[in-house]
Amino acid sequence: MIEYKLTNKRKIMFRKPMTFMERIYLPAVLKGMAITLSHLFKKKATIQYPEQKRPMSEVFRGLHILKRDEQGAERCTACGLCALACPAEAITMTAAERKPEEKKLYREEKYASVYEINMLRCIFCGLCEEACPKAAIFLQNDVMAPASFEREDFIYGKDRLVEPLKLN
Amino acid sequence: MENLLKVTIDGKSIEVPPGTTILQAARQLGGNYPPAMCYYSSLKDTGGKCRVCLVKVAQTSETNPRPMPKLVASCLTRVEQGMVVENQSSPEVLEARNGVVEFLLINHPLDCPVCDQAGECDLQNLSYEHGTEGTRYEEQRREFNKIDIGPYVQLHMTRCILCYRCVYAAEQLTDSRVHGVLNRGDVSEISTYIQNAIDKDFSGNIIDVCPVGALTDKTYRFKQRVWFSKPFNAHRSCAKCSGQTIAWMKGDAIIRITARKNAFGEVEDFICNECRFEHKQLSDWTIEGPRDMGEDSVISANKYELPVISPAVNVDAKFVSE
């Protein structure tokens, strides 16, 4: 067997033998129990998340939303500036032309027939919000992208991004 | 060649043959040449309409050292021996140009997010360089309905800046022109008079010569923003034209065919309608390679180049044996 030695600066460590009090372990166990017990009466560091929520910042950047205008028409016109600004290349879209009977649904003559954001790619920087000339996309300050086991669940289409219609 | 004329533009001198305009001389010099919205070097009689290319002539000629009394349109003014021209160096020119851009934008709608031309629009580039952020115009803008002229071309008259390029292109490239500018002044508009179809061969080139999004390709309408499609030089053997085009690809699909444009944004070789509109299959074309659109074009954005990995990796024999 070959002995591997990196340097000659090896220091021989010496460990003291345990005393009797240390060998019976009981004082150490009791000391630990006392610390545990004291924490029961202290303020909790955690919260019960889904029921309780921490206050969030006003400028928190969470899940995206595609806004509608006052008449309930979608503001997005699929200009592609959000996708261009996106540093993570998370946004893709397909444009379509509005038909005359769809005038109430879409604000401009062009709209996004497909609009997808990959939330796994997204870094929530908010550059899409800044780039949008139509004030259509915003990052909500109170909603986060929920966790999931499937990768497909993180590709958000228009069904989950567009603001729900307000029913008066 | 003893009769070359010496002209100085922004302090740089160049010798050009007689008959050359100031704009052509400036383009030969390179650098900051005057912009042009209506002048098109390959179409006769174009120019003098948009007033964007105004320059100051500080010295008319060697024999006549007086400056010209007003700013002149550089696309129509011919150079003279010893002429001294101020383009970017004259604050007067820049102020006039800013004013012209403001006038061009008076009736131009702010629908770049919808317009298919956005990203390769001359007016967009021009207003980015010379325009102001806001508008002072409060009156009603001109409004027109969009018209389908023929099966391939759509006319958005609201976006038109009345440069007349398409009229000259149709006059000089196609068999007979069926569209023109109707009416005068504020109400003038590009029209076919009675919903006539533009279906003459080579008429598709009016899309390429249009500096704004007034004439757009119907087969490309809302297909993709230009900066998400990738331009490739492509060619095919065509009996009618050179067949030298740019194929705009999205994935493996050709979504648009346009003519190749030079550094001044002018078409090198006009292409026929068949090449432009009817061959959208990858098998119809020979792809030569990616086209360089220039560093400052938005079309070049987000097109990262792959790192070149040499296939022959140098492996040391010593490591292999161990």
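Preceding block: the structure.
Figured I'd write up the structure that's included with this text. (Residues numbered from 1 in each chain as written. Chains lettered and ligands numbered in written order. Predicted model: local features only at pLDDT ≥ 70, side-chain atom pairs only at ≥ 80, totals over all residues.)

Quick notes on the overall build of chain B
Worth spelling out the cut-off: Under the DSSP-based scheme used, a helix requires at least four consecutive residues in state H or I and a strand at least two consecutive residues in state E, with every element numbered from the N terminus. Residues with at least 20 neighbouring C-beta atoms inside 10 Å of their own are called buried, those with 12 or fewer are called exposed, and the rest are partly exposed, where every C-beta is derived from the backbone. Here contacts are defined at the residue level, using C-beta atoms placed from the backbone and a cut-off of 7 Å between them.
Of regular secondary structure, chain B possesses seven helices and 14 strands. In terms of principal-axis extent, the alpha carbons of chain B reach across some 85 × 60 × 45 Å. Looking at the 322 residues of chain B, the share that counts as buried comes to 37%. Considering only contacts in chain B between residues 6 or more positions apart, those separated by 24 or more positions represent 63%.

Description of the sheet that holds strand 14 (residues 286-290) of chain B
All names here are of chain B. Heads up, the rule is: Between any two strands, at least two bridges found by DSSP are needed for them to pair. Angles run from 0 to 180 degrees between N-to-C directions of axes, and those axes are lines fitted to C-alpha atoms, restricted for helices to the stretch in contact.
One open sheet holds the four strands; their spatial order is 13-12-11-14, and the pairing between them is antiparallel. Looking along the sheet, the strands with just one partner apiece sit at the ends: strand 13 (253-259) and strand 14. Between one strand axis and the next, the sheet turns by 35 degrees as a mean value, whatever way the strands run. Bridge count for strand 12 (residues 244-250) against strand 13 is six bridges, and the pairing is antiparallel.

Concerning the interface of chain A and chain B
Test applied: Each residue receives one of three labels: charged for Asp, Glu, Lys and Arg, nonpolar for Ala, Val, Leu, Ile, Met, Phe, Trp, Tyr, Cys and Pro, and polar for the others, Gly being one of them.
Contacts between chain A and chain B engage twelve residues on the former and nine residues on the latter. The element that contributes the greatest number of residues to the side of chain A that touches chain B is strand 2 (residues 91-97) of chain A, accounting for three residues. When the residues that make up the side of chain A that touches chain B are grouped by side-chain class, the tally is five nonpolar, two polar and five charged.

Some points on the nonpolar core
A general trend in soluble globular proteins is that nonpolar side chains are found buried together. Put simply, the test is: Defined on buried residues, the nonpolar core groups Ala, Val, Leu, Ile, Met, Phe, Trp, Tyr and Cys residues joined through C-beta atoms within 7 Å.
Judged by nonpolar contacts, the single largest core of 71 residues is most densely connected at M37, C53, C166 and I206 of chain B. Tallying contributions element by element places helix 4 (residues 165-173) of chain B first for this core, with six residues. Those residues in contact with C166 of chain B that sit more than four places away from it in its chain are I190, I206, V209, C210 and L215 of chain B. The next biggest cluster of nonpolar side chains, apart from the first, holds 22 residues, and it includes L66, C76, I117 and C132 of chain A.

Some details on the pairing of strand 1 (residues 5-9) of chain B
All names here are of chain B. Alternating residues of strand 1 divide into L5, V7 and I9, all buried, and K6 and T8, none buried. When strand 1 meets strand 2 (residues 12-16), the two strands line up antiparallel, connected through five bridges. Of the residues in strand 2, the one forming a bridge with I9 is K12. Following strand 1, the chain reverses through two residues before pairing antiparallel with strand 2; D10 in that reversal takes a positive phi of roughly 50 degrees. Here strand 1 pairs with strand 5 (residues 83-86) via three bridges, running parallel. The residue of strand 5 that forms the bridge with I9 is V85.

Observations concerning the environment of Q24 of chain B
Along the chain, Q24 of chain B falls in helix 1 (residues 22-29). Between the alpha carbons of Q24 of chain B and S89 of chain B there is a distance of 18 Å; along the sequence they are 65 residues apart.

Some points on unusual backbone geometry
Its identity as a non-glycine residue notwithstanding, A78 of chain A has a phi of 55 degrees, on the positive side. With respect to the helices and strands, A78 of chain A occurs in the loop between strand 1 (64-66) and helix 3 (81-85). With a phi angle near 65 degrees, R51 of chain B is a residue other than glycine that sits in the positive phi range. The residue R51 of chain B is located in the loop between helix 1 and strand 3 (54-59) in this model.

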